[in-house]
Amino acid sequence: MVATLSLGILSQADELIVNGDFETGALTPWQVDDSADFGVIETVINDGTGVGFSGPDGVSGLAPCGGGFSAIMRQLAGGQGTQQLYQQVTIPNAIDSATLTWTDQIRNHNKPGAGGGLCALFGPSGFVDPDQEIRVYVANSSGTVLRTLFSTDPTDPVLLKGCESRAANLFDFRGQTVRIVFEQQNGICFQNLQVDDVSLDIELTLAPPNRNPTVSNVADQTLFGSTVLGPIEFTIEDGQTAPSLLKVVATSDNPSVVLNQNILLGGGGAKRNLFITG
């Protein structure tokens, strides 16, 4: 006696960001869009030796936030403009969670008063929305902002701080292709952003494995001549599928004694039966 069955396939957690820690020593496959209004702005790989933050009191040999490499956005020769570092990903629909994490280090050289040097001549000091601002956001494939995950605030201190870890829940973007964008707007004076350890982790709750349906034991039966034997009662059970959805088939391993077409199945749900004609 054989019961037909289907088996489930387990899914597992996955990482959607490629080279999020920049440990390849290159920006690829990240996309860079540095649009300078004037001067030079650049997004480069930092290995902790030569590249650092720019500005009147820049930091050379800046250590990556994690590992041996990070990405840095900076300006040279008084450069101003907008800088973007982004990666496009497709978030599957059938997930239980999607969490974006990253580490950043921010330096705004736009200090107030004499401490700002020439920067103080160009406009308001500190962070200024949107001219002197850093943002992290989710955009569609055309670049339209869908949700801002982090942004600097005019009340934030401008002094160099250590690396800070941040996180955002992107579960609402399941089933969509989106861009994860790190953006720096340098409209007044020097401003720097270090980005490292970017991760977009999706997870599924693993269902227990689908186990074979079971059929209760049927005692040995004796059939005489061309008589009809039955009903022979038995039960079926399955941990994942309702008994009413299970199909039961019965075959004879000795057609010279009992032909398959002489086996008739009946009953329903968990309680089934069969009749055998000799």
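Definitions and limits used
- Residues numbered from 1 in each chain as written.
- Predicted model: local features only at pLDDT ≥ 70, side-chain atom pairs only at ≥ 80, totals over all residues.
- Heavy atoms only, no water.
- Helix = DSSP H or I, 4+ residues; strand = E, 2+ residues; numbered from the N terminus.
- Buried < 20%, exposed > 50% of the residue type's maximum accessible area, 1.4 Å probe, protein only.
- Contact = heavy atoms within 4.5 Å.
- Areas by Shrake-Rupley, 256 points an atom, 1.4 Å probe, with all protein chains shown as cover.
- Phe/Tyr/Trp six-rings, centres within 6.5 Å; stacked < 30°, edge-to-face > 60°.
- Lys NZ or Arg CZ within 6 Å of the ring centre and 35° of its normal.
- Pairing = 2+ DSSP bridges.

A few words on the overall build of the protein chain. Scanning the protein chain from terminus to terminus reveals zero helices and 15 strands. Among the 278 residues that make up the protein chain, the fraction classed as buried is 39%. Taking all contacts inside the protein chain whose residues are at least 6 apart in sequence as the whole, residues at least 24 apart take part in 74%. When the accessible area of the protein chain is evaluated, it comes to approximately 14300 Å², of which 52% is carbon and sulfur surface.

Here we come to the packing of aromatic side chains. Tallied over the full model, the rule gives three aromatic pairs. Among the aromatic side chains, those forming a connected cluster through ring pairs are F22, W30, W102 and F182. The positively charged end of R166 is found above the aromatic ring belonging to F150, 3.9 Å away from the centroid.

Time to look at the environment of Q87. Mapped onto the secondary structure, Q87 falls in strand β4 (residues 70-90). Residues Q87 and Q31, 56 residues apart in the sequence, show an inter-C-alpha distance of 6.1 Å. Every residue in contact with Q87, bar those within four places of it in the chain, is listed here: L16, I17, V18, P29, W30, V178, R179 and I180.

Note that D129 resides in the loop between β5 (97-108) and β6 (132-140). A relative accessible area of 40% means that D129 is categorised as partly exposed. Taking the C-alpha atoms as reference points, D129 and Q185, separated by 56 residues in sequence, lie 9.0 Å from one another.

Alignment of β6 against strand β7 (residues 145-151), held across five bridges, turns out to be antiparallel. Looking at the pairing, V136 lines up with F150 of β7. Counted along the chain from β6 to the antiparallel partner β7, the turn is four residues long, and its residue G143 has a positive phi close to 95°.

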